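# Inside the fold
Here are the chains, one letter per residue:
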Amino acid sequence: MSLLPTAYLPPVQYYSKLIACPEVTIEHFEHFPKQTYRNRAYVYSPNGKQILTVPLKNRTERTITKDIRICYNDPWQMMHWRSMEAAYRRSPYFEYYEDDLAPFYKEKKHEFLIDLNMELMMFINSLLKINVKYRFTSDYEKTYPNVNDYRNIISPKTDLSLDQTFIMKKYSQVFDTRHGFIPNLSIVDLLFNHGPRSLEYL
């Protein structure tokens, strides 16, 4: 059993855990931490690594993850979509997937972050043909015996070398001739560049 945080367009490292375990628990009751993959993703823009952040509404240090609401004061969905177009329009598979992904940025408005994250993840799982059974925590526990707890390991603030179960292999990226290979970007980077072969890579 693996315990994972919620994540917005999770990184490749996150997906390596999903395919390794048929049953996954998603944390719902932690106090929402700052600067994590829970509401941010990283893509490969023409200028290098770019962050996409989902803005949040009325968050405090005591707000638990399941209660985090998305803020729509700024047109972040449009900005994220334009950033993905700039990053991946030239990739082999962007046009193949864009019509199915576009409604998340042009039509849907989720109230809660965790609902957006889960629906996006289930969508990507279907593209990758990954079948994972999910359940959710019913309260917060600092530690869980006999569980692979990745809540803090999968973080942009944690060095990848500390995750001894994950080895990042290079793959072709649109702008790698400009900036080289950038590891552990959002799963969409792998998907747009390698399409159906992404699962084989994982």
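Described in the following lines is the structure provided in the data block. Everything numeric here is computed off the predicted structure, so don't read it as measured data. (Residues numbered from 1 in each chain as written. Predicted model: local features only at pLDDT ≥ 70, side-chain atom pairs only at ≥ 80, totals over all residues. Heavy atoms only, no water.)

### Let's talk about the side chain of Thr-65
Among the secondary structure elements, Thr-65 is positioned in the loop between β5 (56-57) and β6 (69-70). Excluding residues within four positions of it along the chain, Thr-65 makes contact with Thr-6, Glu-27, His-28, Glu-30, Phe-32 and Ile-114. (Helix = DSSP H or I, 4+ residues; strand = E, 2+ residues; numbered from the N terminus. Contact = heavy atoms within 4.5 Å.)

### Points about helix α5 (residues 113-128)
The α-helix winds at 3.6 residues per turn, so residues separated by three or four positions along the chain end up facing the same way. Compared with the 22 Å implied by 1.5 Å per residue over 16 residues, the 22 Å span of α5 between its first and last C-alpha is a close match. Among the 16 residues in α5, 12 count as buried, and that is most of the element. Leu-113, Ile-114, Leu-116, Asn-117, Met-118, Leu-120, Met-121, Phe-123, Ile-124, Asn-125, Leu-127 and Leu-128 are the residues of α5 that are buried. Trailing α5 by a residue or two, Lys-129 shows a phi angle of about 60°, which is positive. (Expected span 1.5 Å × (residues − 1). Buried < 20%, exposed > 50% of the residue type's maximum accessible area, 1.4 Å probe, protein only.)

### Quick look at helix α1 (residues 12-20)
Most of α1 sits inside the fold, with 7 of its 9 residues counted as buried. Among the residues of α1, Val-12, Gln-13, Tyr-14, Tyr-15, Ser-16, Lys-17 and Leu-18 are the ones counted as buried. Its buried side turned inward, α1 meets β1 (2-4), β2 (23-26), α5, β7 (133-136), α7 (187-194) and α8 (198-201).

### Points about the packing of aromatic side chains
A ring pair, where both rings are aromatic, is described by two values, the distance of the centres and the angle of the planes. Counted by the stated rule, this structure contains 14 aromatic pairs. Each ring, one from Tyr-44 and one from Phe-175, has its centre 6.2 Å from the other, and the planes form 50°; the classification is tilted. Residue Tyr-44 is located in strand β3 (residues 40-45), and its partner Phe-175 is located in the loop between β8 (148-149) and α6 (176-179); the two are separated by 131 residues in the primary sequence. When sorted by exposure, Tyr-44 lands in the same class as Phe-175, which is buried. Summarising the aromatic geometry, the rings of Tyr-171 and Tyr-201 are spaced 5.2 Å apart at their centres and angled 75° between planes, so their arrangement reads as edge-to-face. Of this pair, Tyr-171 sits in the loop between β8 and α6 while Tyr-201 sits in helix α8, placing them 30 residues apart in sequence. Among the aromatic residues, ring-to-ring pairing joins Trp-81, Tyr-88, Phe-94, Tyr-105 and Phe-192 into one connected group. Its end group placed over the ring of Tyr-42, Lys-49 keeps NZ or CZ at 4.6 Å from the ring centre. One cation-aromatic arrangement involves Lys-108 over Phe-104; the distance from NZ or CZ to the ring centre is 4.4 Å. (Phe/Tyr/Trp six-rings, centres within 6.5 Å; stacked < 30°, edge-to-face > 60°. Lys NZ or Arg CZ within 6 Å of the ring centre and 35° of its normal.)

### Structural notes on the pattern of salt bridges
If charged atoms from side chains of opposite charge come close, those side chains can pair. Under the defined criterion, the tally for this structure stands at 9 salt bridges. Between Glu-98 and Arg-89 there is a salt bridge whose closest N-O contact spans 2.8 Å. With relative accessibility at 32%, the residue Arg-89 sits in the partly exposed group. Residues joined by salt bridges that share partners form a network here, namely Glu-27, Asp-149 and Arg-151. (Salt bridge = Lys/Arg side-chain N within 4 Å of Asp/Glu carboxyl O.)

By themselves, these observations are geometric and do not establish any function.
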